[in-house]
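An overview of the molecular structure
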Amino acid sequence: MTIQRIKPSPRMSGAVVHGNTVYLAGQVASQSAGQSVTEQTKEILSIIDGLLAEAGTDKSKILMANIWLTDMGTFQEMNAVWDAWVSQGNTPARATVEAKLATPAFKVEIAVIAAK
């Protein structure tokens, strides 16, 4: 079975396709770093849409999402954006935790696994 790497770099790939499963690396909001959780979540979900499309799938096929927030006090703010974006009737399994991220400018990181 082949392995396809999407947007590979020396450290990691943006996504990896193996069989009919697509694994996305944790995505952060480079353009809206330092801005609100709302803006960062919107940017991240747009990045996820693009990577899934490049892998030949879409958000309706997401199986699992892992979300990291630097402050659980922003949980509802992130959820407002997530709920407007997620494919209704196709909601994935999901975990959300509080954690320090790579830089204080990042307030949200999201990784997903999807079927093709």
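See the structure printed just above.
Reading the values: the criteria
- Residues numbered from 1 in each chain as written.
- Predicted model: local features only at pLDDT ≥ 70, side-chain atom pairs only at ≥ 80, totals over all residues.
- Heavy atoms only, no water.
- Helix = DSSP H or I, 4+ residues; strand = E, 2+ residues; numbered from the N terminus.
- Rg over C-alpha atoms; globule rule 2.2 N^0.38 Å.
- Buried < 20%, exposed > 50% of the residue type's maximum accessible area, 1.4 Å probe, protein only.
- Phe/Tyr/Trp six-rings, centres within 6.5 Å; stacked < 30°, edge-to-face > 60°.
- Lys NZ or Arg CZ within 6 Å of the ring centre and 35° of its normal.
- Expected span 1.5 Å × (residues − 1).
- Contact = heavy atoms within 4.5 Å.
- 1 Å grid on protein atoms, 1.4 Å probe; cavity = no way out; pocket = protein on both sides within 12 Å on 5 of 7 lines; lining within 4 Å.
- Points joined across faces, edges and corners; volume = space filled by probe spheres on them.
- Nonpolar A, V, L, I, M, F, W, Y, C, P; charged D, E, K, R; others polar.
- Axes fitted to C-alpha atoms, helices over the stretch in contact; angles between N-to-C directions.
- Left-handed = near helix turned anticlockwise from the far one by under 90°.

**A word on the overall build of the protein chain**
Scanning the protein chain for helices and strands turns up two helices and six strands. Reading the helices (α) and strands (β) of the protein chain from amino to carboxyl end gives β-β-β-α-β-α-β-β. Taking 13 Å as the expected radius of gyration for a compact globule of 116 residues, we find that the protein chain reaches 14 Å, a close match to that expectation. In terms of principal-axis extent, the alpha carbons of the protein chain reach across some 45 × 35 × 20 Å. The buried share of the protein chain, taken over its 116 residues, is 38%.

**A closer look at unusual backbone geometry**
The backbone phi angle of Lys 7 is positive, close to 55°, even though this residue is not glycine. Following the sequence through the fold, Lys 7 ends up in strand E1 (residues 3-8).

**Side note on the packing of aromatic side chains**
According to the stated counting rule, one finds one aromatic pair in the structure shown. With 5.3 Å between their ring centres and 55° between their planes, Trp 82 and Trp 85 make a pair best called tilted. With Trp 82 and Trp 85 both in helix H2 (residues 75-85), this residue pair falls three residues apart, about one helical turn. For the pair Trp 82 and Trp 85, a shared accessibility class is recorded, and that class is buried. The cationic tip of Arg 94 hangs over the ring face of Trp 82; the distance from NZ or CZ to the ring centre is 5.2 Å.

**A look at helix H1 (residues 37-54)**
The terminal C-alpha atoms of H1 lie 26 Å apart, and with 18 residues this matches the ideal 26 Å at 1.5 Å per residue to within 8%. The inward-facing, buried residues of H1 contact E1, strand E2 (13-18), strand E3 (21-24), strand E4 (62-69), H2 and strand E6 (108-115). Gly 56 sits one or two residues past H1 and shows a positive phi near 90°.

**Examining the layout of surface pockets**
Volume-wise, the largest pocket comes out at about 290 Å³. Looking at the largest pocket, it is lined by 16 residues, and the ones nearest its centre are Met 12, Ala 25, Gly 26, Gln 27 and Val 28. If you list the elements that add at least two residues to the lining of the largest pocket, you get E2 and H1. At four residues, H1 tops the list of elements feeding residues into the lining of the largest pocket. Looking at the lining of the largest pocket, its residues break down into eight nonpolar, five polar and three charged.

**Thoughts on the packing of H1 against H2**
Where H1 contacts H2, the two axes come as close as 8 Å, and the packing angle between them is 35°. In the packing of H1 onto H2, the handedness of the crossing is right-handed. In this structure, H1 contributes Val 37, Thr 38, Thr 41, Lys 42, Leu 45, Ile 48 and Asp 49 to the contact, and H2 contributes Glu 77, Met 78, Val 81, Trp 82 and Trp 85. Across the contact of H1 with H2, the residue classes tally to seven nonpolar, two polar and three charged.

The analysis is restricted to geometry; functional conclusions fall outside its scope.
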